[in-house]
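Coordinate inspection notes
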Amino acid sequence: MAAKRILICSTPVGPLGSGIGGGVELTLHGLVLGLSARGHEVEVVAPEGSLHLGGRVHQIAGEWQASSQSAARDAPVELPPRPVLGAMWDHVRRHQHRVDVVVNLAYDWLPFYLTPFLDVPVAHLVSMGSLNEAMDAVVEQAVLDRPGSVAVHSRAQADTFPAVADRLRVIGNGIAVERYDVQLAADEPRYLGYIGRISPEKGIDDVFAVAEASGLPMRVWGLMQDERCWSEAGARHPGAHVRHEGFVPTDDLQAAIGGCAAIVMTPKWVEAFGNVAIEAMACGVPVIAYRRGGPAEIVVDGETGFLVEPDDVDAVVRAVARIDEIDRVMCRQRVEERWSTTALAERVDDWLDDLIRSHQHVR
Ligand code: UDP
């Protein structure tokens, strides 16, 4: 199909580059790079203060949306008094005739609700599993009204929306592999890594438990979202040597993590994808993960890391002891084949073409 004009609408929880948006920031970056490389014209709408990630970024003023991870299942839809989310979608409304398709990355009710009021087709890429009844309802409605308009990152994530699971398109994710240097051997003495937001759903307590039980130091890179969960985990596992290295930008992160013997992913929720798994593998670092959510669809057990029974810390520790069985070159290769921005953009391009075609049909 011909070159498309694509407008990507970012998450309203914070500006690009702040880390507040978690994996969505990297997804957006991957989409901009991959789709631009295929000859498409890509622009981004994002909260004011966002970094420019290759494409043109329209900076929108307004108050950030609260993240939905910690809200109750029956929580109402909430907006602050001057919501950046509303302003971002007002921008979409005013500029929709200049583009062929809008890609929505916000895990929020409003963009789904507004879609039928717009002329332009909107492709919704849902970044988390089911968390909230209001979101579930509006996602289901979008799937029923506009088949093919909603995609997710993994099969496990789709399954958290049982009413429409088989009608959600699974597109995985992708990173600019060439920006990650592969390190063929782990640093000595050995240490493990955890990369991600410091927040209860990420299983921080188990990260400390693994450090304590394995006797290996643990280095942690990520945004401190919940100080309390960090200090409580430290108190519960006094034998754990865990060091917080802070939140670092992607380029610094990739340079820092290559020496890890492995990274551990012990999430308590269904991780929609787990970008950090492919980032670590791109550096040659194997991943030891619970067989739960996205990481279970990324890690090939025994080849690019190990998958263990969810919540079984001892099983993680046993996998750590076997880490030299993993070929670090294989980890890198797997990302090049499946999880590059090129591979992602190919899958997304097909999705957008299908959506544009069916939209023309409906209109
Ligand atoms: N990240 C980062 N700097 C850090 C730690 C993490 O930029 O110091 C990024 C990482 O590159 C990844 C994101 O934070 O893209 C975490 O995404 P993931 O999908 O693993 O989890 P989420 O936060 O979306 O639940």
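Scroll up to find the structure.
Every chain's residues receive numbers from 1 upward, in the order its sequence appears when written. Thresholds applied to this predicted model are a pLDDT of at least 70 for local features of residues and 80 or more for the giving and counting of side-chain atom pairs; totals over whole chains, interfaces and linings are not thresholded and use all residues. Think of the side-chain values as coming from all heavy atoms in the structure, minus any hydrogens and water.

Quick look at the pattern of salt bridges
Salt bridges, as used here, are contacts in which a Lys or Arg side-chain nitrogen is within 4 Å of a carboxyl oxygen on Asp or Glu. Summed over all chains, the structure comprises 27 salt bridges. Salt-bridge contacts for R73 lead to D136; the nearest nitrogen and oxygen are separated by 2.9 Å. Pair noted here: R73 is in the loop between β3 (56-60) and α2 (84-95) and D136 is in helix α4 (residues 133-145), with a separation of 63 residues, a long-range link. The partner of E232 in a salt bridge is R228, with the nearest N and O atoms 3.0 Å apart. What counts as a helix is a DSSP run of H or I of at least four residues, what counts as a strand is a run of E of at least two, and both are numbered from the N terminus.

Remarks on the site of the ligand
Neighbouring residues of the ligand: 18 residues in total, closest G23, R197, K202, V248 and E279. Separating an oxygen atom of the ligand from a side-chain N or O atom of E271 is a distance of 3.4 Å. Protein burial of the ligand: of its 550 Å² of free accessible surface, 91% is covered by the chains. Tallying contributions element by element places helix α9 (residues 275-282) first for the shell around the ligand, with 3 residues. Under the grouping applied here, Gly and all other residues not named as nonpolar or charged are polar, the nonpolar ones being Ala, Val, Leu, Ile, Met, Phe, Trp, Tyr, Cys and Pro and the charged ones Asp, Glu, Lys and Arg. Taken together, the residues that form the shell around the ligand break down as 8 nonpolar, 6 polar and 4 charged. Note on definitions. A residue lies near a molecule or strand when any single heavy atom of the residue is within 4 Å of it. Whenever a nitrogen or oxygen atom comes within 3.5 Å of another N or O atom, the pair is scored as a polar contact, on the condition that within protein one atom can donate a hydrogen and the other can accept it, and that pairs from neighbouring residues in sequence are kept only if both atoms are in side chains. Exposure was quantified through the Shrake-Rupley algorithm and a 1.4 Å probe, taking into account, for residues, occlusion by the shown protein chains and nothing else.

A short note on the packing of helix α6 (residues 204-214) against helix α11 (residues 313-321)
Between N-to-C directions, angles cover 0 to 180 degrees, with each direction set by a line fitted to C-alpha atoms, over the stretch in contact for helices. Between α6 and α11, the least distance of the axes is 9 Å, while the angle of their chain directions is 55°. With respect to their mutual orientation, α6 and α11 come out oblique. Read as a crossing pair, α6 and α11 show a hand that is right-handed. Two secondary-structure elements touch here, α6 through D206, A209, V210, A213 and S214 and α11 through V313, V316 and V317. For this classification, under 35 degrees means roughly parallel, over 145 means roughly antiparallel, 65 to 115 means roughly perpendicular, and everything else is oblique. By the definition used in this description, the sense in which the near helix is turned from the far one sets the handedness, with an anticlockwise turn below a right angle giving left-handed and a clockwise turn giving right-handed. Here, two residues are considered to be in contact whenever any of their heavy atoms come within 4.5 Å of each other.

Quick look at a nonpolar patch on the surface
Together, V182, L184 and V329 make up a nonpolar patch on the protein surface, roughly 240 Å² of accessible area in all. Along the chain, the position of V329 falls in helix α12 (residues 328-338). Only protein chains enter the calculation, and the probe is 1.4 Å; a residue is then buried if its accessible area is under 20% of its type maximum, exposed if over 50%, and partly exposed in between. By relative accessible area, which is 36% here, V329 ends up partly exposed. Each patch groups residues whose relative accessible area exceeds 30% and which form no salt bridge, using 9 Å between like charges and 5 Å between nonpolar side chains of Val, Leu, Ile, Met, Phe, Trp and Tyr.

Regarding the pairing of strand β2 (residues 41-47)
Of all 7 residues that make up β2, 6 are buried, and the element is covered over most of its length. Any two strands with at least two DSSP-identified bridges between them are counted as paired. Two strands pair when backbone bridges link them, and β2 and β3 are joined in this way by 5 bridges, in the parallel orientation. Across the sheet, the residue bridging to V44 is V57, located in β3.

Quick look at the sheet that holds strand β6 (residues 150-152)
Taken in spatial order, the 7 strands make up an open sheet running β3-β2-β1-β4-β5-β6-β7, and their pairing is parallel. Each edge of the sheet is formed by a strand with only one pairing partner; in this case those strands are β3 and β7 (169-170). Across 3 bridges, strand β4 (residues 101-104) lies against strand β5 (residues 122-125) in parallel orientation. Bridge pairing in β5 places N104 opposite H124.

Topic: the sheet that holds strand β12 (residues 287-290)
Strand order in the open sheet made by the 6 strands is β10-β9-β8-β11-β12-β13, with parallel pairing throughout. Looking at strand neighbours, the two that pair on one side only are β10 (242-246) and β13 (305-308), the edges of this open sheet. Within this sheet the neighbouring strands show an average axis-to-axis angle of 25°, counted without direction. With 4 bridges connecting them, strand β8 (residues 192-195) and strand β9 (residues 218-221) associate as parallel partners. When the bridges of β9 are listed, Y194 appears paired with V220. Packed on one face of the sheet, α11 meets β8, β11 (262-265), β12 and β13 and runs near 160° to β12.

So, the environment of V152
Within the fold, V152 resides in strand β6. In sequence terms V152 and A315 are 163 residues apart; their C-alpha atoms lie 29 Å from each other. Sequence-distant contacts of V152, defined by excluding residues within four places in its chain, comprise L125, V126, Q157, A158, L168, R169, V170, I171 and G172.

Here's the deal with the packing of α9 against α12
For the pair α9 and α12, interaxial distance at closest approach is 7 Å and the crossing angle is 125°. Compared by their axis directions, α9 and α12 come out oblique. Where α9 crosses over α12, the two elements pack in a sense that is left-handed. Here I278, M281 and A282 of α9 come into contact with α12, specifically with C331, R332, R334 and V335. Taken together, the residues of the contact of α9 with α12 break down into 5 nonpolar, no polar and 2 charged.

Considerations on the packing of aromatic side chains
Stacked, edge-to-face and tilted are the three classes for Phe, Tyr and Trp ring pairs, Trp counted by its six-membered ring, which pair at centre distances within 6.5 Å; planes under 30 degrees apart are stacked, over 60 edge-to-face, the rest tilted. A complete count under the given rule lists 4 aromatic pairs for this structure. Seen in terms of ring centroids, Y113 and F117 are 5.5 Å apart; in terms of plane orientation they differ by 45°. Their pairing is tilted. Pairing F273 with W339 gives two aromatic rings, centres 5.2 Å apart and planes at 75°, and the pair type is edge-to-face. Linking F273 in the loop between β11 and α9 with W339 in the loop between α12 and α13 (341-362), this pair joins segments that are 66 residues apart in sequence. Considered together, F273 and W339 belong to a single accessibility category, that of buried residues. Among the aromatic side chains, those forming a connected cluster through ring pairs are W109, Y113 and F117. Geometrically, a lysine NZ or arginine CZ counts as sitting over a ring once it is within 6 Å of the ring centre and also within 35 degrees of the ring normal. The ring centre of Y191 lies 5.0 Å from the NZ or CZ of R219, which sits over that ring. Against the face of W339 rests R338, its NZ or CZ located 4.8 Å from the ring centre.

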